[in-house]
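One letter stands for each residue in the lines below.
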Amino acid sequence: GGGQAGPTSGRDHGDLSRHRSSSLEIKEKEIREKGSEILREQLDAAKRELKLKDKECERLSQVRNQLEQELEELTASLFEEAHKMVHEANVKQAAAEKQLKEAQGKIDVLQAEVTALKTLVLTSTPSSPNRQLHPQLQPSGTRGAYKHVGGHVRNKSASGGFPPSPGKPEPSSVSIQPAAKEDREMDSVLYAEFLMWKENPSVEHSSAFLSRIYREDIGPCLSFTRSELVQSAVENNSLTIEPVAMSALPMVKASAIECGGPKKCALSGISRLCQHRIKLGDKGSYYYISPSSRTRITAVCNFFTYIRYIQQGLVRHDAEQMFWEVMRLRREMTVAKLGFYLTDQG
């Protein structure tokens, strides 16, 4: 019996081994399938996450490109604006420097003029008139010098007396004698108007004093074709009178011929040799004027210059002396508007 049991036991043991081996294979197969499934799930999840990352990267790239473009545009705009501001600042600085130089030059000129004129005014009295302020008291050979005062360029001969033409009898109605020898009597109405004006001096003609002078002297003296322009320039202290060189007369520009010419007065329209011309304010046109028109304008300029001195407190005389100086200037306007004027001797 013992000899038969050996082979049977060996077969059972082999079957068991095979059974175990197949079970292990099945388990291994299941494990591999489960691992593969897990790996596939993880791979799919990684792919999905990667797609999301790609989309996020693409969005961020678009945002970055947009920001770069906006930054470039902003930088270009800022540079352009800065360049424009620098250019405008340079232009303004150049204009300001030019205006400063011009203003400084004008200030220097005006200071010198005020100093000189103040000296002249303070040294002139009716009893002892300054001969530079009263050229009718100078010898005939010394008249005709030019001076520039308060914005008006004028000939001093226009502010003096008016002697008769050579060879003609002297009209008694316009005979002007030296101020130190003539008799005079004060008009109480005119003096009262002057005193009232002197309390608050002004070039406005709202006061009775200046209103009368405008009506009786300034208006008739400046009654030209362009009287409004001339009167406005005189009042604003912006009228300039300058001599015209005789050699330059044939070379007159067309714009100047429209305002008269070397042989025709632009203000009166009368054909006369015009050795002077005027400029009204900042306008570029010049107006050629005859000797009579020049005398009338300078007489009014002399009057305005003196009352401005009074307004600025440069005249240190008493009220009566100021009044008689104003009357003398009114007499000059009266004589000038009648057509009398001085000519340079020699």
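Residues numbered from 1 in each chain as written. Predicted model: local features only at pLDDT ≥ 70, side-chain atom pairs only at ≥ 80, totals over all residues. Heavy atoms only, no water.

As annotated in an unreviewed UniProt entry, the chain carries the name RAB3A interacting protein like 1 and comes from Sander lucioperca.

1. Some remarks on the overall build of the chain
Each helix and strand counted, the chain has seven helices and five strands in total. Reading the secondary structure of the chain in the N-to-C direction produces α-β-β-α-α-α-β-α-β-β-α-α. Taken over 346 residues, the chain has a buried fraction of 30%. Looking at the chain alone, contacts between residues at least 24 apart form 67% of all its contacts between residues at least 6 apart. Element-wise, carbon and sulfur atoms account for 54% of the exposed surface of the chain, whose accessible area totals about 22,400 Å². (Helix = DSSP H or I, 4+ residues; strand = E, 2+ residues; numbered from the N terminus. Buried < 20%, exposed > 50% of the residue type's maximum accessible area, 1.4 Å probe, protein only. Contact = heavy atoms within 4.5 Å. Areas by Shrake-Rupley, 256 points an atom, 1.4 Å probe, with all protein chains shown as cover.)

2. A look at helix H6 (residues 291-312)
If you check H6, its first and last C-alpha atoms are 31 Å apart, about what 22 residues at 1.5 Å a residue would give, namely 32 Å. Burial analysis of H6 places 19 of its 22 residues in the buried class, which makes it a mostly covered element. One or two positions beyond H6, positive phi appears at Gly313, with a value near 75 degrees. (Expected span 1.5 Å × (residues − 1).)

3. Structural notes on a negative patch on the surface
On the surface, Glu30, Glu33, Glu37, Glu41 and Asp44 cluster together into a patch of negative charge. Locating Glu37 in the fold gives a position in helix H1 (residues 2-122). (Patch = residues over 30% accessible without salt bridge, like charges linked within 9 Å, V, L, I, M, F, W, Y side chains within 5 Å. Salt bridge = Lys/Arg side-chain N within 4 Å of Asp/Glu carboxyl O. Lys, Arg positive; Asp, Glu negative; His and termini not counted. Charge placed at Lys NZ, Arg CZ, Asp CG, Glu CD.)

4. Remarks on the state of the cysteines
A full pass over the atoms with the stated rule returns zero disulfides. No disulfide involves Cys221; its sulfur sits 9.8 Å from the nearest other cysteine sulfur, which is in Cys301. (Disulfide = S-S within 2.5 Å.)

5. Some points on the side chain of Arg330
Its location among the elements puts Arg330 in helix H7 (residues 319-337). Taking relative accessible area as the criterion, Arg330 reaches 9% and is therefore assigned buried. Apart from residues no more than four positions distant in its own chain, Arg330 is found in contact with Leu190, Arg212, Ile213, Glu216 and Asp217.

6. Some remarks on the nonpolar core
The tendency in soluble globular proteins is for nonpolar side chains to be buried as a group. Among the nonpolar cores identified, the biggest contains 49 residues, and Phe194, Ile218, Leu239, Ile278, Ile297 and Phe303 are the most heavily contacted of them. The set of elements that each furnish at least two residues to this core consists of helix H2 (188-199), helix H3 (208-221), helix H4 (227-235), strand E3 (239-243), strand E4 (276-280), strand E5 (286-289), H6 and H7. If you tally residues by element for this core, the top one is H6, at ten residues. (Core = buried A, V, L, I, M, F, W, Y, C linked by side-chain atoms within 4.5 Å.)

7. Some thoughts on H7
Here H7 spans 27 Å end to end across 19 residues, near enough to the 27 Å set by a 1.5 Å rise per residue. For H7, a buried count of 14 out of 19 residues is recorded, marking the element as mostly surrounded by other parts of the structure. Backbone geometry just downstream of H7 places Gly339 in the positive-phi region, at approximately 105 degrees.

8. Topic: the packing of H3 against H7
As a packed pair, H3 and H7 sit with axes 8 Å apart at the nearest point and diverge in direction by 30 degrees. Judged on the interaxial angle alone, H7 and H3 are roughly parallel. Facing H3, whose interface residues are Phe209, Arg212, Ile213, Glu216, Asp217, Ile218, Pro220 and Cys221, H7 presents Val326, Arg330, Met333, Thr334, Ala336 and Lys337. Considering only residue class, the contact of H3 with H7 consists of eight nonpolar, one polar and five charged. (Axes fitted to C-alpha atoms, helices over the stretch in contact; angles between N-to-C directions. Parallel < 35°, antiparallel > 145°, perpendicular 65-115°, else oblique. Nonpolar A, V, L, I, M, F, W, Y, C, P; charged D, E, K, R; others polar.)

9. Brief notes about the sheet that holds E4
Sheets are built from strands paired through backbone hydrogen bonds, the pairs being either parallel or antiparallel. As summarised here, the arrangement of the three strands in space is E3-E4-E5, forming an open sheet in which the pairing is antiparallel. Only two strands of the sheet have a single neighbouring strand rather than two, namely E3 and E5. This sheet shows a mean twist of 30 degrees between the axes of neighbouring strands, independent of strand direction. As paired elements, E4 and E5 share four bridges and run antiparallel to each other. (Pairing = 2+ DSSP bridges.)

10. Remarks on the packing of aromatic side chains
Two aromatic rings are characterised by how far apart their centres lie and by the angle between their planes. Considering all chains together, one arrives at eight aromatic pairs under this definition. Look at Phe303 and Phe304: their rings are 5.8 Å apart centre to centre, the planes differ by 75 degrees, and that puts the pair in the edge-to-face class. Overall, the relative accessible area of 1% leaves Phe304 in the buried class. The interplanar angle of 70 degrees and the centroid separation of 5.5 Å between the aromatic rings of Phe323 and Trp324 together place this pair among those described as edge-to-face. Judged on exposure class, the residue Phe323 and its partner Trp324 are both buried. One aromatic cluster in this structure is built from Tyr191, Phe194, Trp197, Phe209, Phe323 and Trp324. The residue whose ring lies beneath Arg184 is Trp324, and the NZ or CZ to ring-centre distance is 4.5 Å. (Phe/Tyr/Trp six-rings, centres within 6.5 Å; stacked < 30°, edge-to-face > 60°. Lys NZ or Arg CZ within 6 Å of the ring centre and 35° of its normal.)

11. So, the environment of Val230
Secondary-structure assignment places Val230 in helix H4. Between the C-alpha atoms of Val230 and Gly281, which are 51 residues apart in sequence, the distance is 9.6 Å. Setting aside chain neighbours within four positions, we find Val230 in contact with Leu222, Leu239, Leu267, Ile278, Leu280 and Ile297.

12. Considerations on unusual backbone geometry
You will see that Asn237, though not glycine, has its phi angle at about 65 degrees, which is positive. Positionally, Asn237 belongs in the loop between H4 and E3. Judged by relative accessible area, Asn237 falls into the partly exposed class, the value being 27%.

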